[in-house]
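Structure at a glance
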Amino acid sequence: MFRHHSRPLVSAPAETAVLALLLAEGPLSRVELARRTGLSSTAVTKAARPLIDDGYLYELPPERTAPGAGRPVNPLAVDPDREYFIGLKISGDQVFGAVCDLRAGIRATAGRPLDGCTPGAVAELTAELVDELLDTEPAFRDRTRHLGVAVNGDVDRESGRLRHSGLLGWREVPLAELLTEATGLAVTVENDVRALAVAEHWFGEGIGTEYFALVTIGAGIGSALVVNGQLIRGAYGVAGEVGHLCVDPTGPRCRCGGRGCVEAIASTDAILAAVRQATAEPHLTFCEAADIAREGHPAAREAFARAGHAIGVGISALVSLVGPERVVVSGEGADAYDLFSRHIQEAYAEHAFGAASRCPLSLRPLPWEEWARGGAAVAIQALFPQYAATTTIGVG
Ligand SMILES: [Zn+2]
């Protein structure tokens, strides 16, 4: 087996700045690029040249300018089909994959059930899934070099190791290495919620923001923070854990050992447990719990309202501490959204402090494709030297 470092596409800071801006914001003129990046027009032209030669950028037809406004300008644009990226989400019982283009547009998707959650089984299934995805169009196979993996747990992106995942029951798994061997692609591994935040920050609602937060709700309550334009990892790999903020010191026990954490009140399991207890129906499913709440069962409605309130209070703490420009709240429990979204907004509005509360919350569902797209966004970042994992093992 041969290994070497995956070479970033761009190395000069000027090239990095130009490509990153065009990826996020679409076509811009050289003048606009110079203004936005602080580079000189000459530096922009010089930085764009090799990217045009390699087919990553192209010039759009000249924009019509007003008579006498000087020579027409040709805006620069990214060719999204120049290169493709595979994003993968490994969950406890399935592996989902997507082929995305250079601007994180989803082009093909596939999923496989996972039986046996060992690293070896996941690597084998990943190889099959990647093959299936690359076979959907000849261009995918020709122009895909990078795979990005979004996975639950404590991930060391630099070394490509999954340190620990409670969901998968894994410890110290060299996941990037395993998946490179299985697929032949350069692999970047990232925590799933952070990967989703990368997609949202580079290609979604967080574009152009220096301070941004993403909160995911579902089986767990996760969050990721962008501060000064950078995803925050924290000194010990933990930062912005909104799920384990205590919102009710007398509340239920949390799996973290604490009491009254947001997650202990608002995870799908916590809501279900509360509804089961209130209705004395121990076999109720989450969907059934949502149904009886919708039908007006007071205790069931209360369980959802309490969950929404806990999430809203947690987010208000996050917003008051960090002051993001916006927060995206995305949830797997989208079926029950109608039952708690109002309570999230109300508790947030009530508790967020001062000017920080001007930060808007966007609430929306989280289909699995979005997780896979998060993986692809992380793979796209590998084109840039500051994001390329120093020890990414790759071919090509
Ligand atoms: Zn907790």
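Here the structure is shown first, and the text comes after it.
Residues numbered from 1 in each chain as written. Predicted model: local features only at pLDDT ≥ 70, side-chain atom pairs only at ≥ 80, totals over all residues. Heavy atoms only, no water.

1. Here's the deal with the overall build of the chain
Our working rule: Secondary structure elements follow DSSP: runs of H or I no shorter than four residues count as helices, runs of E no shorter than two count as strands, and numbering proceeds from the N terminus. Computation of the radius of gyration draws on C-alpha atoms alone. For the globule rule, the value is 2.2 Å times the number of residues to the power 0.38. Exposed residues in this analysis have more than 50% of their type's maximum accessible area, buried residues have under 20%, and partly exposed residues fall in between, with area computed by a 1.4 Å probe over protein chains only. Contacts are assigned to residue pairs with any non-hydrogen atoms lying within 4.5 Å of each other.
Broken down by element type, the chain carries 13 helices and 17 strands. Computed over the C-alpha atoms, the radius of gyration of the chain is 23 Å, within 12% of the 21 Å expected from 2.2 N^0.38 for a compact globule of 396 residues. Each principal axis of the C-alpha distribution contributes one length, and for the chain these read about 70 × 55 × 40 Å. Residues classed as buried in the chain amount to 49% of the 396 residues present. Within the chain, contacts between residues separated by at least 24 positions form 61% of all contacts whose residues are at least 6 apart in sequence.

2. Side note on helix H1 (residues 13–25)
Think of an α-helix as turning once every 3.6 residues; residues three or four places apart then point the same way. Which entries qualify depends on this criterion: The span one expects for a helix is its residue count, reduced by one, times 1.5 Å.
Given a rise of 1.5 Å per residue, 13 residues ought to cover 18 Å, and the 18 Å separating the end C-alpha atoms of H1 matches this to within 8%. Packing partners of the buried residues in H1 comprise helix H2 (30–37), helix H3 (41–53), strand E2 (57–59), strand E3 (76–78), helix H7 (192–203) and helix H13 (368–381). A positive phi of about 85° marks glycine 26, the residue just after H1.

3. Concerning the nonpolar core
Using the following cut-off: Buried Ala, Val, Leu, Ile, Met, Phe, Trp, Tyr and Cys residues form a nonpolar core when they are joined through side-chain atoms within 4.5 Å.
Counting 51 residues, the largest nonpolar core has Leu19, Leu22, Leu23, Leu33, Leu57 and Phe384 as its most contacted members. The biggest single contributor to this core is H7, with 8 residues. Residues in contact with leucine 19, not counting those within four places in the same chain, are Leu9, Val10, Leu51, Leu57, Val78 and Phe384. The next biggest cluster of nonpolar side chains, apart from the first, holds 38 residues, and it includes Val262, Ile265, Ala290 and Cys359.

4. Notes on the coordination of the zinc ion
Just so we agree on the cut-off: Only nitrogen, oxygen and sulfur atoms qualify as donors, and only when within 2.8 Å of the metal (3.2 Å in the case of Na, K and Ca); with water excluded, sites may look incomplete. Irregular is the label for any site that misses the other tests, which are tetrahedral for four donors with all angles between 85 and 135 degrees, and square planar for four donors or octahedral for six when opposite donors exceed 155 degrees and the remaining angles lie between 65 and 115.
Taken together, the protein ligands of the zinc ion are His244 (ND1), Cys254 (SG), Cys256 (SG) and Cys261 (SG), with distances of 2.0 to 2.3 Å. Seen from the zinc ion, its 4 donor atoms lie at angles of 106 to 122°, and the figure they make is tetrahedral. Positions of the donor residues of the zinc ion, expressed as sequence spacing, correspond to H-x9-C-x1-C-x4-C. In this pair, histidine 244 is assigned in the loop between strand E14 (230–231) and helix H8 (262–266) and cysteine 254 in the loop between E14 and H8, connecting sequence segments 10 residues apart.

5. Considerations on the sheet that holds strand E5 (residues 94–100)
For clarity, the cut-off: At least two DSSP bridges between two strands are required for those strands to pair. In this analysis an axis means a line fitted to C-alpha atoms, helices contributing only their contacting stretch, and an angle means the value between N-to-C directions, from 0 to 180 degrees.
The mixed open sheet is built from 5 strands, whose spatial order is E6-E5-E4-E7-E11. The open sheet has two edge strands, strand E6 (106–113) and strand E11 (186–191), and neither has a second partner. Across the sheet, the axes of successive neighbouring strands diverge by a mean angle of 20°, strand direction being ignored. Taken together, the 6 bridges between strand E7 (residues 144–151) and E11 define a ladder with parallel strand orientation. What sits directly across from histidine 146, in E11, is alanine 186. Strands in contact with H7 are strand E4 (84–90), E7 and E11; relative to E11, the strand with the most contacts, it is inclined by about 105°. Sheet strands in contact with H13 are E4, E5, E6, E7 and E11, and its direction is about 130° off that of E4.

6. Here's the deal with the pairing of strand E12 (residues 212–217)
Most of E12 is tucked away: 6 of the 6 residues are buried. Here E12 shows no split at all, with Phe212, Leu214 and Thr216 on one side and Ala213, Val215 and Ile217 on the other all buried. Both E12 and strand E13 (residues 222–227) contribute to a ladder of 5 bridges, which runs antiparallel. Bridge pairing in E13 places phenylalanine 212 opposite valine 226. Two successive antiparallel strands, E12 and E13, enclose a turn made up of 4 residues.

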